[in-house]
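# A closer look at the structure
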Amino acid sequence: LIRLLETVDDVMVQRELAEALGRIGDERANAALIRIARSNGDESSRVAAIIAVGKIRSADTRGYLQMLTEDCHPGIRTAAVIQLGDYYLDADSAG
């Protein structure tokens, strides 16, 4: 799925792959998801990638999401802020 995400041009397929990778939760997908999230591509694919990164919760998740809060697109910033909020809520409830 990761290789397919990196090569597919179809926006709907890219979005579905990002969502699937988020559900699977494999940290190996983070690099590909971040590339999509940081791209100048379709905003819905970028948001799906941000949500997937938020679900995976790797050691680098917080840094990736914080970086995306400075994106020039409001929808991307909003998605990143929401995922950061979820990240911190989960951390608070765990500890």
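Now for a quick tour of the structure. (Residues numbered from 1 in each chain as written. Predicted model: local features only at pLDDT ≥ 70, side-chain atom pairs only at ≥ 80, totals over all residues. Heavy atoms only, no water.)

## Notes on the overall build of the protein chain
The condition that has to hold: Where helices and strands are cited, they refer to DSSP runs of H or I of at least four residues and of E of at least two residues respectively, numbered from the N terminus. The globule rule is 2.2 Å times the number of residues to the power 0.38, and the radius of gyration it is compared with is taken over C-alpha atoms. For every residue, the accessible area (1.4 Å probe, protein chains only) is compared with the maximum for its type, and the residue is labelled buried under 20%, exposed over 50%, or partly exposed between those bounds. It only takes one pair of heavy atoms within 4.5 Å for two residues to be counted as in contact.
Assigned secondary structure in the protein chain consists of six helices and zero strands. N-terminal to C-terminal, the α/β element order of the protein chain is α-α-α-α-α-α. In terms of C-alpha radius of gyration, the protein chain reaches 12 Å, essentially the compact-globule figure of 12 Å for 95 residues. If you line up the protein chain on its principal axes, its C-alpha atoms span 40 × 30 × 15 Å. Each of the 95 residues in the protein chain was classed as buried or not, and the buried ones make up 36%. Expressed as a percentage of contacts within the protein chain between residues at least 6 apart in sequence, the contacts between residues at least 24 apart total 54%.

## Let's talk about the nonpolar core
It is characteristic of soluble globular proteins that their nonpolar side chains tend to be buried jointly. What counts, and what does not: Buried residues of nine kinds, namely Ala, Val, Leu, Ile, Met, Phe, Trp, Tyr and Cys, make up a nonpolar core once their side-chain atoms join them within 4.5 Å.
By size, the foremost hydrophobic cluster in this structure holds 23 residues, and its most contacted members are Leu5, Leu33, Ile50 and Leu68. Of all the elements in the fold, those that place two or more residues in this core are helix H2 (11–24), helix H3 (30–38), helix H4 (43–56), helix H5 (61–68) and helix H6 (74–94). It is H4 that contributes the most residues to this core, six residues altogether. Discounting chain neighbours no more than four positions away, the residues touching Leu33 are Leu5, Ala18, Leu21, Ala49, Ala52, Val53 and Ile56.

## Details of the packing of aromatic side chains
Under the convention used in this document: For Phe, Tyr and Trp, where Trp contributes only its six-membered ring, two rings pair if their centres lie within 6.5 Å, and the inter-plane angle classes them as stacked under 30 degrees, edge-to-face over 60, or tilted in between.
In the structure shown here, the tally under the stated rule is one aromatic pair. With 5.5 Å between their ring centres and 90 degrees between their planes, Tyr87 and Tyr88 make a pair best called edge-to-face.

## So, the environment of Leu89
Note on placement: Leu89 falls in helix H6. Separated by 85 residues in sequence, Leu89 and Leu4 place their C-alpha atoms 32 Å apart.

## A short note on unusual backbone geometry
Negative phi characterises most residues that are not glycine, and trans characterises most peptide bonds. Not every positive phi belongs to a glycine, and Arg57 is a case in point at roughly 55 degrees. With a relative accessible area of 25%, Arg57 lands in the partly exposed category.

## With respect to the environment of Ala80
Here Ala80 is to be found in helix H6. In this view, Ala80 contacts Ile50, Leu65, Leu68 and Thr69; residues no more than four positions away in its chain are not counted.

## Digging into H4
Here is the rule: Expected helix span is given by 1.5 Å per residue-to-residue step, counting one fewer step than there are residues.
Given a rise of 1.5 Å per residue, 14 residues ought to cover 20 Å, and the 20 Å separating the end C-alpha atoms of H4 matches this to within 8%. Taken residue by residue, H4 has Ser45, Arg46, Ala48, Ala49, Ile50, Ala52, Val53, Gly54 and Ile56 as its buried positions. Once H4 ends, the next one or two residues include Arg57, with phi positive near 55 degrees.

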